[in-house]
Structures are given as C-alpha cells and as structure tokens.
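Examining the three-dimensional arrangement
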Amino acid sequence: MADLIIWTDKYSVGCNYIDQQHKKLIDIINELHSAFMGRESKDKLGEILSELVDYTKYHFSAEEEMLKKHGFGPSDLHKKQHQEFVEKIEIFKKRHELGDEILGFDMLNFLKDWLLNHILKTDMSYSKPVCSKVD
Ligand SMILES: [Fe+2]
Ligand SMILES: [Fe+2]
C-alpha cells in the first residue's frame, strides 16, 4: 500500500537530527494509516496512537530546547502550536480508548496536513538562523 506521506527534500529544515525526528513522525503517521487500512485491532491502533503522542512530545521538547540553546525562541506562537497539537492527539487517543470510532481519513488527513504545514511554515523559520550553525 502507498504511504500516506512521502518525505521529500523540501521538508528538510537542514538540522539533520531534527529532519530525522520529523521523518520518524511521518513514519508513525504512515504506520497508523496502514494499520487503519489493514483493519488492525483496536489495541494495535491504540499502541500506535500512544507512540505518536509520546514521540511528538519528545520531538517538540527537543526542538524547543534546541531553539533555546541557539537563542532563537521558541516563539509563543511556536510553543502554542506544539501545545495545541499535543492536546488534540491526546484527545484522539483518549477517545479511541473509550471506543469512539475516531480513526478515519479525516483524522489521518488532519495529522498529515498539520505536520507538513507546521514543518513548512513554522519550523522552516529556524532553518537559516539555527540549522546553518549546527550539523
Ligand atoms: Fe515545531
Ligand atoms: Fe518540528
């Protein structure tokens, strides 16, 4: 089955380890998509959702730390976007645990659009000032 999201260079912010983390987030969303399409069990889908929540939190704090370290924010807007996304996926996870049928194309497309937009519009703003100075 085709992946929901395909990484291309235009998503590269230029900090290698951040790119690796963004790729990992894409992998998890693709995994959720293929598990959904393959009608995997509720538990299996729940496991992937948990992984998405955990890894997203890990990535956001790593990214915010890096920006702090380089004296480039993170801006309130950037932090707010991170926070709201975490709240949103935590609610998805809880509703899934409660048995709501929340997993579907709307949710998968929301995840895809949010992540790619965030990388292109918000994360990309630190590409030049920060990533040109690190690895
Ligand atoms: Fe970000
Ligand atoms: Fe990011």
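Everything below is about the structure printed above this text.
Summary of the structure given here. Since this is a predicted model, take the numbers as computed values, not measurements. The residue numbering used here restarts from 1 in each chain and proceeds along that chain's sequence as written. Written order decides the labels, with chains lettered from A and ligands numbered from 1. It should be noted that, the model being predicted, local features are given only for residues of pLDDT at least 70 and side-chain atom pairs only at 80 or more, the latter also being counted only at that level, while totals for whole chains, interfaces and linings use all residues.

1. What about the overall build of the protein chain?
For the record, the criterion: For the purposes of this entry, the term helix denotes a DSSP run of H or I that reaches at least four residues, the term strand denotes a run of E that reaches at least two, and both are numbered from the N terminus. Atoms counted for the radius of gyration: C-alpha only. Globule rule: 2.2 Å times the number of residues to the power 0.38. With C-beta atoms placed from the backbone, a residue is labelled by how many other C-beta atoms lie within 10 Å of its own: buried for 20 or more, exposed for 12 or fewer, partly exposed between the two. Our contact criterion uses C-beta atoms placed from the backbone: two residues qualify when those atoms are within 7 Å.
Scanning the protein chain from N- to C-terminus turns up 5 helices and 0 strands. For the protein chain, the N- to C-terminal ordering of α and β elements is α-α-α-α-α. Rg of the C-alpha trace for the protein chain: 15 Å, near the compact-globule value of 14 Å for 135 residues, within the 12% margin. The C-alpha extent of the protein chain, read off along each of the three principal axes, is 45 × 30 × 20 Å. Relative to its full complement of 135 residues, the protein chain shows a buried share of 16%. A separation threshold of at least 6 residues defines the contact pool for the protein chain, and within that pool the share at least 24 residues apart is 73%.

2. Digging into the packing of helix α1 (residues 16–37) against helix α2 (residues 42–69)
The condition is simple: A fitted line through C-alpha atoms represents every axis, and for helices the fit uses only the stretch in contact; the resulting angles, taken between N-to-C directions, go from 0 to 180 degrees. Oblique is the label for any angle not covered by the other classes, which are roughly parallel (under 35 degrees), roughly antiparallel (over 145) and roughly perpendicular (65 to 115). Each helix crossing is assigned a hand: it is left-handed if the near helix lies turned anticlockwise from the far helix by less than a right angle, otherwise right-handed if that turn is clockwise. Charged residues are taken to be Asp, Glu, Lys and Arg, nonpolar residues to be Ala, Val, Leu, Ile, Met, Phe, Trp, Tyr, Cys and Pro, and polar residues to be all remaining types, Gly included.
Where α1 contacts α2, the two axes come as close as 10 Å, and the packing angle between them is 165°. Taken together, α1 and α2 sit at an angle that is classed as roughly antiparallel. Note on packing geometry: the crossing formed by α1 with α2 is left-handed. Judged by residue contacts, I18, Q21, K24, L25, I28, I29, E31, L32, A35 and F36 of α1 engage K44, L45, I48, L49, E51, L52, Y55, T56, H59, A62 and E63 from α2. Tallied by class, the residues present in the contact of α1 with α2 amount to 13 nonpolar, 3 polar and 5 charged.

3. Some details on α2
To keep it simple, the criterion reads: Residue count minus one, scaled by 1.5 Å, sets the expected span of a helix.
The terminal C-alpha atoms of α2 lie 40 Å apart, and with 28 residues this matches the ideal 40 Å at 1.5 Å per residue to within 8%. Those residues of α2 hidden inside the fold are in contact with α1, α3 (76–97) and α5 (127–131).

4. Structural notes on the environment of E64
Residue placement: E64 occurs in helix α2. A count of 15 C-beta atoms within 10 Å places E64 in the partly exposed class. Put simply, E64 and P74 are 10 residues apart on the chain and 5.8 Å apart in space, counted from C-alpha to C-alpha. With residues up to four places along the chain from it excluded, the contact list for E64 reads P74 and K79.

5. Details of the nonpolar core
Soluble, globular proteins show a tendency: their nonpolar side chains are buried together. Put simply, the test is: Definition of nonpolar core: a set of buried Ala, Val, Leu, Ile, Met, Phe, Trp, Tyr and Cys residues joined via C-beta atoms within 7 Å.
In this structure, C15, I18, L67, Y126, V130 and C131 together form the largest nonpolar core, which totals 6 residues. Not counting the four nearest positions on each side in its chain, L67 is found in contact with F72, G73, P74, Y126 and V130. Core analysis: the second largest hydrophobic core is formed by 5 residues, L32, I48, L49 and F92 among them.

6. Concerning unusual backbone geometry
G73 connects to P74 through a cis peptide bond whose omega is 5°. Here P74 lies in the loop between α2 and α3. Residues other than glycine seldom take positive phi values, yet R39 does so here, at roughly 50°. Summarising the element assignment, R39 is placed in the loop between α1 and α2.

Everything listed here is a matter of coordinates, which is why it stays silent on function.
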